[in-house]
Amino acid sequence: MHVKAKILAFGGLLLALTVIFMMLGGIIESNTLFLLAAASYFVGIMIRETNFRMGAAFYLASVILGFLVVPNKFYVASYAAMGFYILAIEGIWERMGCLSEKYQKRSLFWILKYVIFNVIYLPVLFGFQELLFSRQLSLPFLIGAVLAGQIGLIIYDKAYEYFQGHIWSRMRGRFLN
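A quick note: this is a predicted structure, and the numbers were derived from the prediction, not measured.

Asks: So what's going on with the environment of Val70? Which residues, and what values?
Replies: Locating Val70 in the fold gives a position in the loop between helix H3 (52–69) and helix H4 (73–96). Separated by 31 residues in sequence, Val70 and Ala39 have C-alpha atoms that sit 13 Å apart. Once residues within four sequence positions are removed from consideration, Val70 is found in contact with Val19, Met22, Met23, Leu65 and Val76.

See the structure below:
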């Protein structure tokens, strides 16, 4: 497979922006989640502009480069989880195109999104409570954290859909023509 120079340069630019956003998360502490989410959106851009394999390579390169360059490794791990979620849902969306019309694709897609998110989120929440919260959580707080994560997923996913549908769709012609 031959990679066009323009796509390769575009991927390099996105990779640089991804690492800059991860680093800025450590500098601008009040916007850490916003910056990490924005960095993970670049994975989706790369998948949609090239293909899934190139997007997966971009994701892997950004995680490796992040661990090498970004001082706060916790932010890189958070980015890795967010980027993996984007990578997984974009891959599922591609695979769902092969399904017949008798399936309710939108409902199935949301169910799979929740499954993927919870496979990532719940083991981290239950396994690393002391790292995340500096102590073991009581049951009511643990239930609250699980519910807050589900609400966070809805916000994150809606923001990603808005970004891809409205913001990136207007900007893409300026970068890739």
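There's plenty left to go through after this.
Asks: An account of the side chain of Ser62 is requested, with residue identities and associated values reported.
Replies: Within the secondary structure, Ser62 sits in helix H3. Classification of Ser62 by relative accessible area gives buried; the value is 0%. When neighbours within four sequence positions are excluded, Ser62 is seen to be in contact with Leu15, Thr18, Met22 and Tyr79.

Asks: Can you break down the packing of aromatic side chains residue by residue, with the values?
Replies: Given two aromatic rings, one states the distance between the centres and the angle between the planes to describe the pair. If you walk through the whole model with that rule in mind, you get nine aromatic pairs. Seen from their ring centres, Phe21 and Phe42 are 5.5 Å apart, and the 55° between their planes marks the pair as tilted. Highlighted residues: Phe21 in helix H1 (residues 5–27) and Phe42 in helix H2 (residues 32–49), separated in sequence by 21 residues. On the accessibility criterion, Phe42 (9% relative accessible area) is buried. Measuring from centroid to centroid gives 5.8 Å for Tyr85 and Tyr156, while their planes differ by 55°, and the two rings are tilted. Here the residue Tyr85 occupies a position in helix H4, and Tyr156 occupies one in helix H7 (residues 139–175), the gap between them amounting to 71 residues. The same class applies to Tyr85 as to Tyr156, namely buried. One aromatic cluster is present, formed by Tyr41, Tyr85, Tyr156, Tyr160 and Phe163 through successive ring pairs. One residue, Lys113, lies across the ring of Trp110, its end atom 4.5 Å from the ring centre.

Asks: I'd love a proper account of a nonpolar patch on the surface, names of residues and values included.
Replies: A surface patch of nonpolar side chains, amounting to about 530 Å² of accessible area, comprises Met23, Leu60, Ile64, Leu65, Leu68 and Val69. The greatest single-element share of the nonpolar patch, amounting to five residues, is contributed by H3. Tracing the backbone shows Met23 in helix H1.

Asks: I'd like a description of the environment of Arg53, backed by residues and values.
Replies: Note on placement: Arg53 falls in helix H3. With relative accessibility at 68%, the residue Arg53 sits in the exposed group. Note: C-alpha distance between Arg53 and Gly91 (38 residues apart in sequence) is 9.6 Å.

Asks: Residue-level account of the packing of H1 against H2, with values.
Replies: Two elements in contact, H1 and H2, have axes separated by 8 Å at closest approach and are oriented at 165°. By the angle between their directions, the pair H1 and H2 is classed as roughly antiparallel. Viewed along their axes, H1 and H2 form a crossing whose handedness is left-handed. Residues Ile7, Phe10, Gly11, Leu14, Leu17, Thr18, Phe21, Met22, Leu24 and Gly25 of H1 pack against Thr32, Leu35, Leu36, Ala38, Ala39, Phe42, Ile45, Met46 and Glu49 of H2. For the contact of H1 with H2, the per-class residue count stands at 14 nonpolar, four polar and one charged.

Asks: Run through the pattern of salt bridges, naming residues and quoting values.
Replies: Under the defined criterion, the tally for this structure stands at three salt bridges. Here Asp157 makes a salt bridge to Lys113, at a shortest N to O gap of 2.5 Å. One end of the pair, Asp157, is in helix H7; the other, Lys113, is in helix H5 (residues 105–127), and 44 residues separate them in sequence. You can call Lys113 buried: its relative accessible area is 1%. Two residues, Glu161 and Lys113, come together in a salt bridge whose shortest N-O distance is 3.0 Å. Of this pair, Glu161 sits in helix H7 while Lys113 sits in helix H5, placing them 48 residues apart in sequence. Judged by relative accessible area, Glu161 falls into the partly exposed class, the value being 28%.

The rules we used
Residues numbered from 1 in each chain as written. Predicted model: local features only at pLDDT ≥ 70, side-chain atom pairs only at ≥ 80, totals over all residues. Heavy atoms only, no water. Helix = DSSP H or I, 4+ residues; strand = E, 2+ residues; numbered from the N terminus. Contact = heavy atoms within 4.5 Å. Buried < 20%, exposed > 50% of the residue type's maximum accessible area, 1.4 Å probe, protein only. Phe/Tyr/Trp six-rings, centres within 6.5 Å; stacked < 30°, edge-to-face > 60°. Lys NZ or Arg CZ within 6 Å of the ring centre and 35° of its normal. Patch = residues over 30% accessible without salt bridge, like charges linked within 9 Å, V, L, I, M, F, W, Y side chains within 5 Å. Areas by Shrake-Rupley, 256 points an atom, 1.4 Å probe, with all protein chains shown as cover. Salt bridge = Lys/Arg side-chain N within 4 Å of Asp/Glu carboxyl O. Axes fitted to C-alpha atoms, helices over the stretch in contact; angles between N-to-C directions. Parallel < 35°, antiparallel > 145°, perpendicular 65-115°, else oblique. Left-handed = near helix turned anticlockwise from the far one by under 90°. Nonpolar A, V, L, I, M, F, W, Y, C, P; charged D, E, K, R; others polar.

On their own, these measurements won't tell you what the molecule is for.
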